[in-house]
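Inside the fold
Residue strings, one per chain:
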Amino acid sequence: MLCRAACSTGRRLGPVAGAAGSRHKHSLPDLPYDYGALEPHINAQIMQLHHSKHHAAYVNNLNATEEKYHEALAKGDVTTQVALQPALKFNGGGHINHTIFWTNLSPKGGGEPKGELLEAIKRDFGSFEKFKDKLTAVSVGVQGSGWGWLGFNKEQGRLQIAACSNQDPLQGTTGLIPLLGIDVWEHAYYLQYKNVRPDYLKAIWVVLVIMEPSLLVTQVVLMIMEPSLLVTQVVLVIMEPSLLVTQVVLVIMEPPLLVTQVVLVIMEPPLLVTQVVLVIMEPSLLVT
């Protein structure tokens with residue numbers, strides 16, 4: 001099945017308010033390789049600036065914007081909530097897009113994927129080379145700043161190529177599940193390739209990786225034991241690389257005293273989940 005985790009889990013990078021009104025803050029994910037690991041195709045200076053400065057700025061600005069939004073929400077200030085939407089979209093999209101992008105890069109990248117994914121590419125584009133040429137053309141053709149994407153259309157059950165402007169997130173703006181993203185903002189390549197975007201696109205294919213969904217499956221099982229002996233079981237299937245799954249948020253909308261025991265079981269392979277956050281919400285905090 002080509003649908004990634006977000007199809008079934010509603011993957012979220014955003015914060016959730018808990019019983020004490022606390023808010024989880026986003027953090028910059030570590031890279032699974034050194035800044036110089038992608039040389040000579042993408043040099044270390046670009047990777048360091050891109051990750052530690054640009055992505056970090058999106059994370060910091062997203063946290064600051066969400067703090068303002070949280071305050072406006074508590075005050076019932078709808079005008080401010082609406083005014084903050086562009087900043088939430090831009091910085092939230094920047095965080096989501098780059099978190100995906102780092103997992104699509106690898107010093108062992110390049111070449112064709114295998115198995116079901118390769119067969120789907122051949123089915124929907126004719127061949128891997130035709131797919132590669134089309135995604136390259138779409139990415140080169142982005143006007144100004146933006147992204148080229150390979151996404152999965154879960155409604156039609158097929159792969160699609162799309163372009164997004166600025167930091168618009170693929171799933172949030174098109175509904176497609178992201179499988180491969182190519183950053184064509186100038187900060188991703190200008191120090192090495194100047195204004196020649198086609199040269200950057202040619203080079204990046206040597207280090208690109210499209211994850212094989214069947215290799216990225218794990219389960220998180222939440223069992224809630226209530227005094228009435230009723231057992232509720234929620235199974236979340238995660239089909240994401242480890243750095244893409246930064247948190248799994250489980251919300252129990254019950255008075256806290258009704259929950260006497262919570263058992264979290266993470267099935268193999270456990271390293272695909274980097275953080276599990278359990279939030280028990282007070283009934284008074286629930287908004288319908």
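For the protein, the name recorded in an unreviewed UniProt entry is Superoxide dismutase [Mn], mitochondrial, with Mus caroli as its organism. Under the Subcellular location (unreviewed entry) heading, UniProt states for the protein: "Mitochondrion matrix". The UniProt entry for the protein carries the following comment under Catalytic activity (unreviewed entry): "2 superoxide + 2 H(+) = H2O2 + O2".

1. Side note on the pattern of salt bridges
Taken as a whole, this structure holds two salt bridges when the rule is applied. Put simply, Asp 168 and Lys 89 hold a salt bridge, and the shortest N to O gap is 3.8 Å. Taken together, the residues Asp 168 in the loop between strand 2 (158-165) and helix 7 (170-174) and Lys 89 in helix 4 (residues 85-103) connect sequence positions 79 residues apart. Among the salt bridges present, the one from Asp 124 reaches Arg 123, with a minimum N-O distance of 2.8 Å. For Asp 124, a relative accessible area of 24% gives the class partly exposed.

2. Things to note about helix 2 (residues 44-75)
The end-to-end C-alpha separation of helix 2 is 45 Å, in line with the 46 Å expected for 32 residues at 1.5 Å each. Of all the bends in helix 2, the largest measures some 30° and sits at His 50. Two to three positions downstream of the cap, the backbone nitrogen of Gln 45 sits 3.2 Å from a side-chain oxygen, assigning the N-cap of helix 2 to Asn 43. Downstream of helix 2 by one or two residues, Gly 76 has phi in the positive range, about 70°.

3. Overview of the sheet that holds strand 2
If you walk across this open sheet you meet the three strands as 2-1-3, and the pairing is antiparallel. The strands lining the two open edges of the sheet, one partner per strand, are strand 2 and strand 3 (177-183). Looking at each pair of strands side by side, their axes are set apart by 20° on average, direction ignored. Here strand 1 (residues 146-153) pairs with strand 3 via six bridges, running antiparallel.

4. Considering the side chain of Arg 197
Counting through the fold element by element, Arg 197 comes out in helix 9 (residues 197-204). Of the buried charged residues, Arg 197 lacks a salt bridge, with Glu 186 as the closest side chain of opposite charge at 6.1 Å. From its side chain, Arg 197 meets the backbone oxygen of Gly 144 in a polar contact 2.7 Å long. Leaving out residues up to four positions away in the same chain, Arg 197 has contacts with Ser 139, Val 140, Val 142, Gly 144, Val 184 and Tyr 189.

5. Points about the side chain of Gln 167
Along the chain, the position of Gln 167 falls in the loop between strand 2 and helix 7. Polar contacts involving the side chain of Gln 167 include one to the side chain of Trp 147, which spans 2.9 Å. Not counting chain neighbours up to four residues away, the residues in contact with Gln 167 comprise Tyr 58, Lys 89, Phe 90, Gly 93, Gly 94, Asn 97, His 98, Trp 147 and Trp 185.

6. A word on the packing of aromatic side chains
On inspection of all chains with the given rule, the structure shows 11 aromatic pairs. Summarising the aromatic geometry, the rings of Phe 131 and Trp 205 are spaced 5.9 Å apart at their centres and angled 90° between planes, so their arrangement reads as edge-to-face. Separated by 74 residues along the polypeptide, Phe 131 in helix 6 (residues 128-140) and Trp 205 in the loop between helix 9 and strand 4 (217-225) bring together distant segments of the chain. Geometrically, the ring pair formed by Trp 147 and Trp 149 is stacked, given 5.5 Å between the ring centres and 20° between the ring planes. Across the pair, Trp 149 and Trp 147 agree in class, each one buried. An aromatic cluster is defined as three or more aromatic residues linked by ring pairs; in this entry it consists of Phe 101, Trp 102, Trp 147 and Trp 149.

Each value, and the rule that gives it
- Residues numbered from 1 in each chain as written.
- Predicted model: local features only at pLDDT ≥ 70, side-chain atom pairs only at ≥ 80, totals over all residues.
- Heavy atoms only, no water.
- UniProt positions renumbered as here; feature names shortened; annotations may be inferred.
- Salt bridge = Lys/Arg side-chain N within 4 Å of Asp/Glu carboxyl O.
- Helix = DSSP H or I, 4+ residues; strand = E, 2+ residues; numbered from the N terminus.
- Buried < 20%, exposed > 50% of the residue type's maximum accessible area, 1.4 Å probe, protein only.
- Expected span 1.5 Å × (residues − 1).
- Bend = angle between axes of the 7 residues up to and from the residue.
- Polar contact = N/O pair within 3.5 Å; in protein donor to acceptor, adjacent residues only side chain to side chain.
- Pairing = 2+ DSSP bridges.
- Axes fitted to C-alpha atoms, helices over the stretch in contact; angles between N-to-C directions.
- Lys, Arg positive; Asp, Glu negative; His and termini not counted.
- Contact = heavy atoms within 4.5 Å.
- Phe/Tyr/Trp six-rings, centres within 6.5 Å; stacked < 30°, edge-to-face > 60°.

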